[in-house]
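# A closer look at the structure
Okay, here's what each chain looks like letter by letter:
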Amino acid sequence: MKKWLKFCLASSLVLLLGAAVFSGLYAKQQSDTMAELRRKSTAEVIRLRYRMEVLEDELLAKLDEWKDTVIPAGNDGYGEDAPMTEELTVPEANAPETMPPTRRYTVSVYDGIIGIYNSDGRAVRTVDVFVATLPEADREALRAGIAVYSDEELQALIERYE
């Protein structure tokens, strides 16, 4: 009977020790997971801030370009440089050549594969290409989201990745 009692106590002690070890390992894994999520969140914020700066620079460049097409260089429309007989014309607001292109789609990552989102941000299609298999530059571009302005451009982009 003593042997049986010793065996039960030893078994219980081993089980308790094993539970403590696994509990510690689980807590460490959870801590590592939370640290990784915080790191990814911080990286995402930094990436989004960078993307906003790039878009702001592009917008300012486009505004300068459009300003130059409406107001001739060296003429602010108020100074003596403006000829009195020549009228400064502003293109119509709805003229196609003055309107910036409208984004129709965004190509990005969707559950590890390439996803296509409409202008409202809803996923409309996926392409069975795993993003992890693409070169790093393409993965970064997809993570940031690739703007597509026409169906032809979308088809060409899909063909490039397939």
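Residues numbered from 1 in each chain as written. Predicted model: local features only at pLDDT ≥ 70, side-chain atom pairs only at ≥ 80, totals over all residues. Heavy atoms only, no water.

## Here we look at the pairing of strand β2 (residues 113–118)
- Among the 6 residues that make up β2, 6 are buried, leaving the element largely enclosed by the rest of the structure.
- Direction of pairing for strand β1 (residues 105–110) relative to β2: antiparallel, over a ladder of 6 bridges. Across the sheet, Thr-106 pairs through a bridge with Tyr-117, a residue of β2.
- Here β1 folds back onto β2, and the loop between the two strands holds 2 residues, one of which, Asp-111, carries a positive phi near 50°.
- One ladder, built from 5 bridges, connects β2 with strand β3 (residues 123–130); its direction is antiparallel. Paired with Ile-114 across the bridge in β3 is Val-127.
- Hairpin connection, β2 to β3: the antiparallel pair is bridged by 4 residues, and Gly-121 has positive phi, about 90°. (Buried < 20%, exposed > 50% of the residue type's maximum accessible area, 1.4 Å probe, protein only. Helix = DSSP H or I, 4+ residues; strand = E, 2+ residues; numbered from the N terminus. Pairing = 2+ DSSP bridges.)

## Concerning the sheet that holds β3
- Pairing is antiparallel in the open sheet, where 4 strands are placed in the order β3-β2-β1-β4. Where the open sheet ends on each side, the last strands, each with one partner, are β3 and β4 (146–148). When the angles between neighbouring strand axes are averaged without regard to direction, this sheet yields 30°.
- Strands in contact with helix α3 (residues 151–161) are β1, β2, β3 and β4; relative to β4, the strand with the most contacts, it is inclined by about 140°. (Axes fitted to C-alpha atoms, helices over the stretch in contact; angles between N-to-C directions. Contact = heavy atoms within 4.5 Å.)

## Considering the pattern of salt bridges
- Per the counting criterion, the structure on display carries 6 salt bridges.
- Asp-151 serves as the salt-bridge partner of Arg-104, at 3.4 Å between the closest nitrogen and oxygen. Taken together, the positions of Arg-104 in the loop between α1 (2–70) and β1 and Asp-151 in helix α3 put the pair 47 residues apart, joining distant regions of the chain.
- Of the charged contacts in the structure, one is a salt bridge between Arg-143 and Glu-136, with a shortest N-O distance of 3.7 Å.
- Each member of the salt-bridge network shares a partner with another, and the members are Glu-136, Arg-139, Glu-140 and Arg-143. (Salt bridge = Lys/Arg side-chain N within 4 Å of Asp/Glu carboxyl O.)

## A few points about a negative patch on the surface
- A surface patch of negative charge is lined by Glu-53, Glu-56, Asp-57 and Glu-58.
- Secondary-structure assignment places Asp-57 in helix α1. (Patch = residues over 30% accessible without salt bridge, like charges linked within 9 Å, V, L, I, M, F, W, Y side chains within 5 Å. Areas by Shrake-Rupley, 256 points an atom, 1.4 Å probe, with all protein chains shown as cover. Lys, Arg positive; Asp, Glu negative; His and termini not counted. Charge placed at Lys NZ, Arg CZ, Asp CG, Glu CD.)

## Focus on helix α2 (residues 136–144)
- Within the span of α2, buried status applies to Asp-138, Arg-139 and Leu-142. Looking straight down α2, one finds that the buried residues subtend no more than 100° of arc, so they occupy a single side.
- Of the surrounding elements, those touching the buried residues of α2 are β1, β2, β4 and α3.
- Of the residues one or two after α2, Gly-145 is the one with positive phi, at around 95°. (Arc of directions from axis to C-beta.)

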